[in-house]
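# Secondary and tertiary structure notes
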Amino acid sequence: MAQKGVQLDRETFSCSICLDLLKDPVTIPCGHSYCMNCINSFWDVDKGKKLYSCPQCRQTFTPRPVLVKSTMLAVLVEELKKTGLQAAPADHCYAGPEDVACDVCTGRKLKALKSCLQCLVSYCEKHLQPHYDVAQLKKHKLVEPSKKLQENICSRHDEVKKMFCRTDQQCICYLCSVDQHKGHDTVSAAAERTERQRELEGSRQKLQQRIQDREKEVKLLQQEVEAINHSAGKTVEHSEKIFTQLIGLIDKRRSDVKQQIRSQQETEVSRVKELQEKLEQEITELKRKDAELEQLSHTEDHNQFLHNYPSVSALSQSTHSSSINIRPLRYFEDVTAAVSELRDKLQDILRETWTNISQTVTEVDVLLSNPEPKTRAGFLKYSQEITLDPNTANRNLLLSEGNRKVTLMNQQQSYSSHTDRFTYCFQVLSRESLTGRCYWEVEWSGTGGVFVAVAYKNISRTGNWKECTFGLNDKSWSLICDDSSYQIWHNSSQTPVSGPPSSRIGVYLDHRAGVLSFYSVSETMTLLHRVQTTFTQPLYAGFWLPYYAGDTAEFSKLK
């Protein structure tokens, strides 16, 4: 305890500039004490400014204070020296490259213990002490050491940012609130922080509840995985034994048939090869004759050509054609028929039993797919906010409403060139990719109608009509809507669809299940058409406005 008391005394009587015990101590008007040489050197730097400040509290003095040695402090320091304790700070107390250094320390700087948001200065333990002792400094806001204190200073007015502009969502100083932010909704940064903190806590509570719910679900799923693996393992083991027995029985018969066929094969192949060699000799002779005829055909001298033609053009009679009977090979057909008959009987048995086995296996469905919602409220749980990608829009399409609405125009828009842009059809795709389960609604208007579509990203943007038009290829699906009817298009196939006319269309996608459904939305939801397929890529929502200028389509905002 005595050691601790001495340490506190030593810190009390140390110079905050050199961090050593006071030498020739002097006290300046604000009440802080320093070594005479230290404070003189500190003020000598500001000699040209004629404005002198305290290194600790920043209070300024004009003119430069006259320094007089404090006799009482000198006596106390001498008494402290007699204790023999003058330990330097340990190495770990000094600031490293990653640490926030004390702004007051000179020479080798100590680690900052706190940063002051009013002083905009970081202090080590020693230099922080006035903030605990001085009444005015006690009101300052101390935070964990930060290297970003200057971000709290307004670059325009050089004032601390103590206000928050809700209109522009940024921190500002007081002068900004009466200058370029005049008339905006502004509050103190502290008030905004309190409100945001309250929102943050609410969000955290919801997140923590969701985490707890998900952890319970994960635990349940882990148990299900163990049960599935155990049951499947046992069933595979038993099935393997049964099929192995069946395969063994068939394999023995297969081996016997194979051995007999190979024996007969050798006999027949010897006979055929003998004839084959004779035919190959004849082919060689015919090729030689063909080469002579080709050489004769290139002879430019007519007389020479006519002179050599009779002897060269004569073809010798084939000696083997009459010995070959061209007919379908039937040497082993009887064997094949017998084996095929066995196969057919086995297939009939397997077909009858396989249906039952397969259905039994597929009925093992632990995670049954969630059924498609029945009400609009149910669909809205999967609502997806979608915007249009300007880089895909045809130049005759005008995007608006935050890129949620598209209008067909007579005049081309000044879009920049882009490889994703549709150049042939008046089409546009969404910026967001669509996977999982999602739902969105489309509002359309106009006399020409609209194609409400989904497509893979690699759909052609140029080229022929079929390659790039929604619904005319295997990369897109499209619902055609007009005032009186609907049609579904996919891969150039058209399917008429009946349903109540509506200017609002709902689209539901369950990507994993391969379900794409279109609904007519009014006071109730009416299913127009459901696509059941396998989606191999993420999908993108899109519009095609093929006919009249002024026709529009828009992704609705869903709450």
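Predicted, not measured: the structure shown is a model, and the values here were computed from it. (Residues numbered from 1 in each chain as written. Predicted model: local features only at pLDDT ≥ 70, side-chain atom pairs only at ≥ 80, totals over all residues. Heavy atoms only, no water.)

Scanning the chain from terminus to terminus reveals 12 helices and 23 strands. Expressed as a percentage of its 559 residues, the buried residues of the chain come to 30%. Relative to all contacts within the chain whose residues are 6 or more apart in sequence, the contacts with residues 24 or more apart total 54%. (Helix = DSSP H or I, 4+ residues; strand = E, 2+ residues; numbered from the N terminus. Buried < 20%, exposed > 50% of the residue type's maximum accessible area, 1.4 Å probe, protein only. Contact = heavy atoms within 4.5 Å.)

This part is about the confidence of the model for the chain. Within the chain, residue pLDDT values average 85, and 89% of them lie at 70 or more. Every residue in residues 1-8 is under pLDDT 50, and counting partners more than four places away or in other chains gives 5 contacts. (pLDDT = per-residue confidence, 0-100.)

What follows deals with the nonpolar core. Formed by 38 residues in total, the largest nonpolar core has its most connected members in Val406, Trp440, Leu516 and Phe543. Non-local contacts of Trp440, meaning those with residues more than four positions away in its chain, are made with Gln384, Ile386, Leu434, Val454, Ile505, Gly506, Val507, Leu509, Ala541, Phe555 and Leu558. In terms of nonpolar packing, the next biggest core, distinct from the first, is built from 19 residues, Ile28, Cys35, Trp43 and Leu73 among them. (Core = buried A, V, L, I, M, F, W, Y, C linked by side-chain atoms within 4.5 Å.)

Our focus in this paragraph is the pairing of strand β17 (residues 486-490). The sheet contact formed by strand β16 (residues 476-481) and β17 spans 5 bridges and is antiparallel. Considered in β17, the bridge of Leu479 is made with Ile488. In sequence, β16 turns back onto β17 through a hairpin of 4 residues. Here β17 pairs with strand β18 (residues 493-497) via 5 bridges, running antiparallel. Residue pairing for β18: Trp489 is matched across the bridge by Gln494. (Pairing = 2+ DSSP bridges.)

The subject of this paragraph is the packing of aromatic side chains. This structure, assessed with the given rule, holds 16 aromatic pairs. A ring pair is formed by Phe451 and Trp544, whose centres lie 4.1 Å apart and whose planes are at 50°; its orientation type is tilted. Highlighted residues: Phe451 in strand β15 (residues 450-456) and Trp544 in strand β22 (residues 539-544), separated in sequence by 93 residues. Considered together, Phe451 and Trp544 belong to a single accessibility category, that of buried residues. (Phe/Tyr/Trp six-rings, centres within 6.5 Å; stacked < 30°, edge-to-face > 60°.)

Looking at the secondary structure, you find Cys438 in strand β14 (residues 437-445). Remark: the alpha-carbon pair of Cys438 and Tyr382, spanning 56 residues in sequence, is separated by 4.7 Å. Excluding residues within four positions of it along the chain, Cys438 makes contact with Tyr382, Gln384, Val507, Tyr508 and Leu509.

Attention now moves to the sheet that holds β15. In spatial order, the strands read β13-β22-β15-β16-β17-β18; together these 6 strands make up an open sheet with antiparallel pairing. Every interior strand has two partners, whereas the edge strands, β13 (427-429) and β18, have only one. Between one strand axis and the next, the sheet turns by 20° as a mean value, whatever way the strands run. Looking at chain direction, β13 and β22 are connected through 3 bridges and run antiparallel. Its bridge partner lying in β22, Val428 is registered against Phe543. (Axes fitted to C-alpha atoms, helices over the stretch in contact; angles between N-to-C directions.)

With respect to the helices and strands, the residue Tyr34 is situated in strand β2 (residues 33-35). For the pair Tyr34 and Leu22, spaced 12 residues apart in sequence, the C-alpha separation works out to 6.3 Å. Among all residues touching Tyr34, those that are not within four sequence positions of it are Cys15, Ser16, Ile17, Leu22, Asp24, Pro25, Val26, Ile28, Ile39, Cys54, Pro55 and Gln56.

Turning our attention to the side chain of Ser478. Tracing the chain through its elements places Ser478 in strand β16. Here Ser478 is in contact with Phe451, Val452, Ala453, Phe470, Gly471, Gln487, Ile488 and Trp489, once residues within four sequence places are set aside.

With that settled, consider helix α8 (residues 189-297). Between the first and last C-alpha of α8 there are merely 100 Å, a value that for 109 residues lags more than 12% behind the 162 Å anticipated at 1.5 Å per step. Inspection of α8 places Glu192, Glu268, Lys289 and Leu296 among the buried residues, and these make up the whole buried set. (Expected span 1.5 Å × (residues − 1).)

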